[in-house]
Amino acid sequence: MAEEDYGSFVDWNQMGDLAKSSGPTKVDCKDLKEFKQMARQGYWAKNHKLRAQVYQQLIKAIPCRTVTPDAAVYRDIMGNAATKKPSSNIPLPEFVDGNPIPRYCLKPEAVASAHQIISCLAGQFPDISHCPSLPAVTSLLLHFSVDEAQCFEHVSRILACNEPGKRLIDQTFLAYESSCMTFGDLANKYCTAAHKLIVATAQDVMDVYSDWQRWVLGDLPFSHVVRVLDVYLVEGYKVLYRVAVALLKFYRKHKIGVQGGQGNQQQQDSNKIKADIQAFVKGIASTVTPDKLLEKAFSIRLLSRKEITLLQLTNEKSLQQKGITVKQKRRNVQLALNPDTFSSEIVSAKEMHDIWSWIPERFALCQPQLLFTTSTHGCSLNRFYSHCEGHEPTLLLIRTTDADVCGAFLSTDWEERKRGGNKSSFFGTGECFVFRLKPEMERYEWVVISHPELASSIKTQDQEETAASEGQNLDNSLEQPEKPPGELSPFLSARHFNLNSKNTSMFMSGNVDSIIVGGGDGNALYIDSELNHGRTGRCTTFDNPPLCAESFQISLLEVWGFQDAMAS
C-alpha cells in the first residue's frame, strides 16, 4: 500500500478501520484558523499518508532554537547502528519517570526503535530533567515517519520549540508538577461535579491528578490519541488540558452509571482511584468515539490559553518558593542510609529508610545524625533544646510504653521559638509532617498539600474576608469577571491566600513547659517538660487522627539531624 512510505513501523493488522485510507489526499491550506478547523473536524484523519505529510508540515513550521538536532545528526551519531536491528534492551532515561513506550499498534521492533531514538534524544538534550510524556510522543510520531532519523528530528523540534508563550511538552519537574496543580485548578472550575467526586473518593486528590497527562498521552487508545495529536500539533499544550478535563467528565458519567447514582462515595486509596481512571480511559472506545471526545473537550467555554498560562506561572512560583523544583530520586535515598552504622533504639534501619523516603528532596542524601535521646541525655526539655538548637531540619521519634511509634519531621530550628520572647507562638513551614510507624505506617502532610479542599473550607471570619479580597485581586489578574470573588479553585486559593495561623499553619511551637507539633482544634503531638507524658489528637494543620493512644507515656524519645554526606 502507498501508505507504507510513512508506515514501515506500523502493525497494520492492529489498525482496524484506520488501515483503510479514504477521504482527501491533499491539504491546500495556509490560514491558521482554517487549519485549526480542519484539525478539529478530522479532515486528514482517514488517510495515513496525508496525516504524515501534514504532521511533517506542522512540525517543520515550529520555531526552534538556532541549533536543533536533525535527521542528519541522528544518522551521524548512530552510524552503522541505524541500519542494524535496534535493541529494546536500551534503557529509557531516568527523566521519563518510569513511563514505558506505549505500543500504539506498532510492530515489536518499532518499540525498540523508540528506545533507540529516546536514548539519542537524551544525549542531545542534556537540559531535560523530567519528561514523562516523551515515550508516548515518540511512539506516536514513529507512526508517521519514514525512518528513525525523521522521527528523531520531529521529536527534537517539539523539544526545541522556543516560540514565546508556547509550550509543547514539559521538560522539567517544576513545569510538570505545576501542570498537575493547574489541572486541579481547571478541574475544579470547569468540571466541578467530577472534581467533587474525586475529592469525595480519593484520599489524595493531587496524587490522582498527577496522572492527568498520562490519561491523554499513554492511556488513550491509538484511535483517540491520534485525533488529539492532530489538534495538539496545531493548537499546542492547552489541548491536553481540554481533553483531560473532558476525560474526567466522562469518567464521572461512567461512575454514576455504574453506581446508579452518587451513593457509595467512600474514600479509597488514591492508587485505586488512579487505576480505575486508567482502566476507564484505556477502554473508552466502547462508549466514546474520538469525535465525541474532542467535541466535549472543545465545548468547555471560557477556558483560554491566557488563563492556563497565568495559572501555570502562579503555580510554578509557589513551588519555587517552597523549594520544590526537582523530583526526588528515591534510588539515591537508599544509598544515604548505611544500615551497618545506623543505630536507633526506636526504629530499625528499614523503618528509618521508609521515613527517609518522605523527606524533602534536598535533604534526601544527608546521613541521619543522632542529636538527642532520653536514654543518654535524660528526660529534660532544656537539654532537648540545647542539643537540637542550631540544627534544621530535625526528625522527632517517640516510642510509647504501649510500644506504639510515632513522630514528626520538623522543618525549622527549635531556636526560632525564642523570637516570640516569653510569648509562645507557632513557627515552621509547610514541609513539616507527622507520622506513625506502629501499629501501622502512615504520614500526614500539611493539609494544604494533601487536602487543599479541606484547608479552604476551614476558615475563620477574618480569613474569609482576607480570602475574599485576595480572591478578588487574583480573579482580576486572570480576567474572570464571571467568577464571584473568593471562589477560585481550592488548589489555587489554599496555596496563594495568606492562611490564618489560627487554622492551618500551626506547625511547631515550644516553651519551657512543653513542645507542640500541629495545631488548630487540637494538637498532633503535645509533650510535657519532663519528656515523660504526651497527648495526641486530630489537628487542623495536618488533618490527622490520633497518632497513638490519645494520652500516652513516653518510653523513649530521639531527635535526629541531617548531616551532609558530601561535606563529611
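Residues numbered from 1 in each chain as written. Predicted model: local features only at pLDDT ≥ 70, side-chain atom pairs only at ≥ 80, totals over all residues. Heavy atoms only, no water.

Within the secondary structure layout, Thr536 lies in the loop between β9 (533–535) and β10 (551–563). There is a polar contact of 2.6 Å between the side chain of Thr536 and the backbone oxygen of Ala524. Beyond its immediate chain neighbours, meaning those up to four positions away, Thr536 contacts Asn523, Ala524, Leu525, Pro546, Leu547, Cys548, Ala549, Glu550 and Phe552. (Helix = DSSP H or I, 4+ residues; strand = E, 2+ residues; numbered from the N terminus. Polar contact = N/O pair within 3.5 Å; in protein donor to acceptor, adjacent residues only side chain to side chain. Contact = heavy atoms within 4.5 Å.)

In this fold, Leu410 is placed in strand β3 (residues 405–410). Each residue touching Leu410, except ones within four places of it in the same chain, is listed here: Pro393, Thr394, Leu396, Cys432, Met508 and Val517.

The interhelical angle for the contact between helix α11 (residues 222–235) and helix α14 (residues 290–297), taken along N-to-C directions, is 45 degrees, at an axis separation of 9 Å. As summarised for this structure, α11 and α14 are arranged oblique, according to the angle between their axes. α11 and α14 meet at a crossing whose hand is right-handed. On α14, the residues touching Ser223, His224, Arg227, Val228 and Val231 of α11 are Pro290, Asp291, Leu293 and Leu294. (Axes fitted to C-alpha atoms, helices over the stretch in contact; angles between N-to-C directions. Parallel < 35°, antiparallel > 145°, perpendicular 65-115°, else oblique. Left-handed = near helix turned anticlockwise from the far one by under 90°.)

With that settled, consider the confidence of the model for the chain. Averaged over every residue, the pLDDT of the chain is 82; residues scoring 70 or more account for 81%. Segment residues 328–335: pLDDT under 50, and 21 contacts once partners within four positions in sequence are set aside and those in other chains are kept. Of the regions scoring below 50 in pLDDT, residues 455–502 engages in 93 contacts with residues more than four places distant in sequence or in other chains. (pLDDT = per-residue confidence, 0-100.)

Its location among the elements puts Met38 in helix α1 (residues 32–41). In this structure Met38 comes out as buried when scored by relative accessible area, which is 9%. For the pair Met38 and Val234, spaced 196 residues apart in sequence, the C-alpha separation works out to 9.9 Å. Setting aside anything within four residues of it in sequence, one finds Met38 in contact with Val27, Cys29, Tyr43 and Trp44. (Buried < 20%, exposed > 50% of the residue type's maximum accessible area, 1.4 Å probe, protein only.)

With that settled, consider the packing of aromatic side chains. Counted by the stated rule, this structure contains 25 aromatic pairs. With 5.7 Å between their ring centres and 65 degrees between their planes, Phe35 and Trp44 make a pair best called edge-to-face. Trp44 matches Phe35 in its accessibility class, with the two residues each being buried. Between the aromatic rings of Tyr104 and Phe222, the centroid separation amounts to 6.2 Å while the plane-to-plane angle is 50 degrees, which identifies the pairing as tilted. With Tyr104 in the loop between α3 (71–78) and α4 (108–124) and Phe222 in helix α11, the pair connects residues that are 118 residues apart, well separated along the chain. Comparing Tyr104 with Phe222, the two get one shared label, buried. One aromatic cluster in this structure is built from Phe183, Tyr209, Trp212, Trp215, Tyr237 and Tyr241. The residue whose ring lies beneath Arg167 is Tyr237, and the NZ or CZ to ring-centre distance is 4.6 Å. It is Arg417 that lies over the ring of Tyr385; its NZ or CZ is 3.5 Å from the centre. (Phe/Tyr/Trp six-rings, centres within 6.5 Å; stacked < 30°, edge-to-face > 60°. Lys NZ or Arg CZ within 6 Å of the ring centre and 35° of its normal.)

The next thing to look at is the nonpolar core. Formed by 115 residues in total, the largest nonpolar core has its most connected members in Ile158, Phe183, Ile198, Trp215, Leu220 and Val243. When residues of this core are assigned to their parent elements, the largest contribution, 11 residues, is made by helix α12 (residues 238–259). Mapped onto the domain boundaries, this core takes at least three residues apiece from domain 1 (1–171) and domain 2 (172–258 + 265–328). When residues no more than four places from it in sequence are discounted, the contact partners of Ile158 are Ile59, Ile62, Val137, Leu141, Leu168, Ile169, Tyr232 and Leu233. Core analysis: the next-biggest nonpolar cluster, separate from the first, contains 35 residues, Leu381, Trp414, Phe507 and Ile515 among them. (Core = buried A, V, L, I, M, F, W, Y, C linked by side-chain atoms within 4.5 Å. Domains from an automatic or database assignment.)

As a further point, take the environment of Arg538. Within the secondary structure layout, Arg538 lies in the loop between β9 and β10. Overall, the relative accessible area of 37% leaves Arg538 in the partly exposed class. Measuring from C-alpha to C-alpha, the distance between Arg538 and Asp521 comes to 7.4 Å, with 17 residues separating the pair along the chain. Looking at Arg538, its side chain comes within polar contact range of the side chain of Asp543, at 3.2 Å.

Summed over all chains, the structure comprises 20 salt bridges. Here Glu316 and Arg167 are joined by a salt bridge, their closest N and O atoms 4.0 Å apart. Placement of Glu316 in helix α15 (residues 305–321) and of Arg167 in the loop between α6 (148–159) and α7 (173–190) is noted, with a sequence separation of 149 residues between them. Two residues, Asp219 and Arg214, come together in a salt bridge whose shortest N-O distance is 3.6 Å. Accessibility expressed as a relative area gives 5% for Asp219, which makes it buried. (Salt bridge = Lys/Arg side-chain N within 4 Å of Asp/Glu carboxyl O.)

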